[in-house]
Amino acid sequence: MTSLLRMEKYVDDCSAVFVQKLREFGKTHETLNMARWLQFYAFDVVGELTVGKRFGFLDEGKDVGGIISAIDTYLAYTANVGVYSEWHPFISSMMQKLSPRQGRGSMVEFTQAQIDKRKEDETSPHELDGTGDFLSIYLALHKKDPSSFTDQDLFAGCITNIGAGSDTTSISLSSVLYNLCKHPEALQKLREELEQKQANGELSNPVTFKESQACPYLQAVIKEALRVHPATGFPLGRVVPKGGATIAGTFFPEGAIVGINTWVAHMNVSVFGHDAELFRPERWLTDKDNYNRMDRYFFTFGMGSRTCIGKNISLMEVGKVIPTLVQEFDFELVNPDADLKTRNVWFVKQQSFFCKVSERHSNSQTTAEK
Ligand code: HEM
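If you're wondering where the values come from, they're calculated on a predicted model, not measured in any experiment.

## With respect to a nonpolar patch on the surface
Turning to step 1, where the next piece is worked out: Together, Val 83, Tyr 84 and Trp 87 give the surface a local cluster of nonpolar side chains, amounting to about 300 Å² of exposed area.
Turning to step 2, where the next piece is worked out: Tracing the backbone through its elements, the reader meets Tyr 84 in the loop between α4 (67-83) and α5 (88-98).
Turning to step 3, where the next piece is worked out: By relative accessible area, Tyr 84 is classed as partly exposed at 40%.

Encoded structure:
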């Protein structure tokens, strides 16, 4: 929790830039690919959290260095060979010839450059006690014992964070915002809760993680959005241990790989009720036993020993930025009656979240201006 609270400032910095950009779009009334902008936001946040620097997607409003498109290509590849491993030699050699490897190279270069710069900067107090971003924590470990936390560990730690915490968080943010656009009654309730908290002096600007956790409707909206649209769309694989295992009445020998797709688990009507397919935040506003019963089947962050280690960071990020977005802006879907198009490449990305944005209180000051 202490580390999380320390990281809030990195989220706030990116939120300020994002709000400023949305204000500009509010003036021009252009159609935004919102999933794309939330991807810029989430990537820049994870850059700040990890190496203390944004990639620059938000500032420049584009996929700087082709990083995002290269990760997309790479994901499509891994998603396919993950299922059809016999295709690997053929696709891999095709990709080497055709695909832009440059983008992934840019991500590696960006990350390595920040590591090198920091290693040269002996003056930063954070590197000694690890009280800054992730890199400062890794550097403190490295300095303590370079043979147990090696240069390679430093790099792997940073790059894993960036890979695991960017698309996942942007998909989750998109789901929250998209579902609020599709369900104006939920948006209305959320705004009422936030306004009430504000009137009671219980919300800062920007909202702190702690304050966001004390907003039950906000938390229910986030939980439900992450249930109806989990970021990962393939089974979370596990190897059956020694002696085999009987799962749901079927015996699986040891060494077999079993798993469940989160999308399937989350549509289980015996757990979530007959309206499991619907976005209904109220289902989480129930008694403790019922909440815990459903929560045991909530797989968005996985489960057990390999559960997501970035879960709380993401929940902090989502919990802080959503109140800012819904309080400061109106979002109008361009095709409100159309179904959402998605693409499953392990991460299930929103393809058709297009909207127009407008400021709600044009006289209010943004976080960025304050
Ligand atoms: C809403 C955002 C996120 C979602 C939905 C998500 C989802 C997941 C899922 C489903 C897994 C596999 C769990 C399993 O097999 O049981 C996972 C693992 C992991 N996640 Fe996340 N994640 C998110 C954000 C993050 C962030 C921000 C970070 C790092 C800063 C991160 C780092 C990791 C790592 C390192 C693992 C591998 C853990 C292991 O294998 O021991 N994730 N995540």
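## Quick word on the nonpolar core
Turning to step 1, where the next piece is worked out: The biggest cluster of nonpolar side chains holds 90 residues, and the ones touching the most others in it are Met 34, Ile 322, Phe 331 and Phe 353.
Turning to step 2, where the next piece is worked out: For this core, the element with the most residues is helix α2 (residues 34-51), which contributes 11 residues.

## Some words on the site of the ligand
Turning to step 1, where the next piece is worked out: Surrounding the ligand, one finds 21 residues, the nearest of these being Arg 238, Met 303, Arg 306, Cys 308 and Ser 314.
Turning to step 2, where the next piece is worked out: Between the ligand and Arg 238 there is a distance of 2.5 Å, counted from an oxygen atom to a side-chain nitrogen or oxygen.
Turning to step 3, where the next piece is worked out: Separating an oxygen atom of the ligand from a backbone N or O atom of Met 303 is a distance of 3.0 Å.
Turning to step 4, where the next piece is worked out: For the shell around the ligand, the secondary-structure elements that each account for two or more residues are α9 (151-165), α10 (167-182) and β2 (235-239).
Turning to step 5, where the next piece is worked out: Among the elements that take part in the shell around the ligand, α9 stands out by supplying 4 residues, more than any other.
Turning to step 6, where the next piece is worked out: A breakdown of the residues in the shell around the ligand according to their chemical character gives 7 nonpolar, 12 polar and 2 charged.

## Digging into the pattern of salt bridges
Turning to step 1, where the next piece is worked out: Inspection of every chain in the model, using the stated rule, returns 20 salt bridges.
Turning to step 2, where the next piece is worked out: Close ionic contact of Lys 349 with Asp 167 constitutes a salt bridge, the shortest N to O distance being 3.2 Å. With a gap of 182 residues between them, Lys 349 in strand β8 (residues 347-350) and Asp 167 in helix α10 connect regions that are remote in the sequence.
Turning to step 3, where the next piece is worked out: Overall, the relative accessible area of 9% leaves Lys 349 in the buried class.
Turning to step 4, where the next piece is worked out: The residue Glu 195 makes a salt bridge to Arg 360 at a minimum N-O spacing of 3.9 Å.

## Considerations on α4
Turning to step 1, where the next piece is worked out: Between its terminal C-alpha atoms α4 stretches 24 Å, which fits the 24 Å expected from 17 residues at 1.5 Å a residue.
Turning to step 2, where the next piece is worked out: Listing the buried residues of α4 in full gives Ile 67, Ile 68, Ala 70, Ile 71, Leu 75, Ala 76, Tyr 77, Ala 79 and Val 81.

## Here's the deal with the pairing of strand β9 (residues 354-359)
Turning to step 1, where the next piece is worked out: Summarising the sheet, strand β1 (residues 32-33) and β9 pair through 2 bridges and their orientation is antiparallel. Note that in β9 the partner of Leu 32 across the bridge is Cys 355.
Turning to step 2, where the next piece is worked out: Relative to β9, strand β6 (residues 329-333) is paired through 5 bridges, and the arrangement is antiparallel. For Leu 333, the partnering residue across the bridge sits in β9 and is Cys 355.

## Details of the side chain of Gln 327
Turning to step 1, where the next piece is worked out: Among the secondary structure elements, Gln 327 is positioned in helix α17 (residues 311-328).
Turning to step 2, where the next piece is worked out: A polar side-chain atom of Gln 327 sits 3.1 Å from a polar atom in the side chain of Gln 198.
Turning to step 3, where the next piece is worked out: If sequence neighbours within four positions are ignored, Gln 327 has contacts with Leu 194, Glu 195, Gln 198, Leu 203, Arg 360 and His 361.

## Structural notes on the sheet that holds β6
Pairing between the strands of a sheet comes from backbone hydrogen bonds, and it takes one of two forms, parallel or antiparallel.
Turning to step 1, where the next piece is worked out: The strand order β1-β9-β6 describes an open sheet built from 3 strands, whose pairing is antiparallel. The sheet terminates laterally at β1 and β6, the two strands that pair on one side only.
Turning to step 2, where the next piece is worked out: Relative to the sheet, helix α1 (residues 2-28) contacts β1, β6 and β9, its axis offset from that of β9 by approximately 95°.

## Things to note about the UniProt feature "binding site: heme" (unreviewed entry) in the protein
Turning to step 1, where the next piece is worked out: Following the UniProt record, the feature "binding site: heme" (unreviewed entry) maps to Cys 308 here.
Turning to step 2, where the next piece is worked out: If you trace the backbone, Cys 308 turns up in the loop between α16 (288-295) and α17.

## Notes on the packing of aromatic side chains
Turning to step 1, where the next piece is worked out: Applying the stated criterion across every chain yields a total of 18 aromatic pairs.
Turning to step 2, where the next piece is worked out: Taking 5.7 Å as the distance between ring centres and 85° as the angle between the ring planes, the aromatic pair formed by Phe 43 and Phe 57 counts as edge-to-face. Highlighted residues: Phe 43 in helix α2 and Phe 57 in helix α3 (residues 57-60), separated in sequence by 14 residues.
Turning to step 3, where the next piece is worked out: We classify Phe 43 as buried; its relative accessible area is 0%.

## Describing the environment of Ser 174
Turning to step 1, where the next piece is worked out: You can see Ser 174 is positioned in helix α10.
Turning to step 2, where the next piece is worked out: Relative accessible area serves as the criterion here: at 1%, Ser 174 is assigned to the buried category.
Turning to step 3, where the next piece is worked out: Taking the C-alpha atoms as reference points, Ser 174 and Leu 38, 136 residues apart in sequence, are found 6.6 Å from one another.
Turning to step 4, where the next piece is worked out: Ser 174 has contacts with Ala 35, Leu 38, Gln 350 and Phe 353, leaving out every residue within four places of it along the chain.

## Description of α17
Turning to step 1, where the next piece is worked out: Between its first and last C-alpha atoms α17 spans 26 Å; for 18 residues at 1.5 Å apiece the expected length is 26 Å, and the two agree.
Turning to step 2, where the next piece is worked out: Among the 18 residues that make up α17, 15 are buried, leaving the element largely enclosed by the rest of the structure.

## What to know about the packing of α1 against α17
Working note: a packed helix pair is described by the angle between its axes plus the distance between those axes.
Turning to step 1, where the next piece is worked out: Two elements in contact, α1 and α17, have axes separated by 10 Å at closest approach and are oriented at 35°. For the crossing formed where α1 meets α17, the hand is right-handed. Here Leu 4, Met 7, Glu 8, Val 11, Asp 12, Ser 15, Phe 18, Val 19 and Leu 22 of α1 lie close against α17, whose contacting residues are Asn 312, Ile 313, Met 316, Glu 317, Lys 320, Val 321, Thr 324, Leu 325 and Glu 328.
Turning to step 2, where the next piece is worked out: Broken down by class, the residue content of the contact of α1 with α17 amounts to 10 nonpolar, 3 polar and 5 charged.

What counts as what
Residues numbered from 1 in each chain as written. Predicted model: local features only at pLDDT ≥ 70, side-chain atom pairs only at ≥ 80, totals over all residues. Heavy atoms only, no water. Patch = residues over 30% accessible without salt bridge, like charges linked within 9 Å, V, L, I, M, F, W, Y side chains within 5 Å. Areas by Shrake-Rupley, 256 points an atom, 1.4 Å probe, with all protein chains shown as cover. Salt bridge = Lys/Arg side-chain N within 4 Å of Asp/Glu carboxyl O. Helix = DSSP H or I, 4+ residues; strand = E, 2+ residues; numbered from the N terminus. Buried < 20%, exposed > 50% of the residue type's maximum accessible area, 1.4 Å probe, protein only. Core = buried A, V, L, I, M, F, W, Y, C linked by side-chain atoms within 4.5 Å. Near = heavy atom within 4 Å. Polar contact = N/O pair within 3.5 Å; in protein donor to acceptor, adjacent residues only side chain to side chain. Nonpolar A, V, L, I, M, F, W, Y, C, P; charged D, E, K, R; others polar. Expected span 1.5 Å × (residues − 1). Pairing = 2+ DSSP bridges. Contact = heavy atoms within 4.5 Å. Axes fitted to C-alpha atoms, helices over the stretch in contact; angles between N-to-C directions. UniProt positions renumbered as here; feature names shortened; annotations may be inferred. Phe/Tyr/Trp six-rings, centres within 6.5 Å; stacked < 30°, edge-to-face > 60°. Left-handed = near helix turned anticlockwise from the far one by under 90°.

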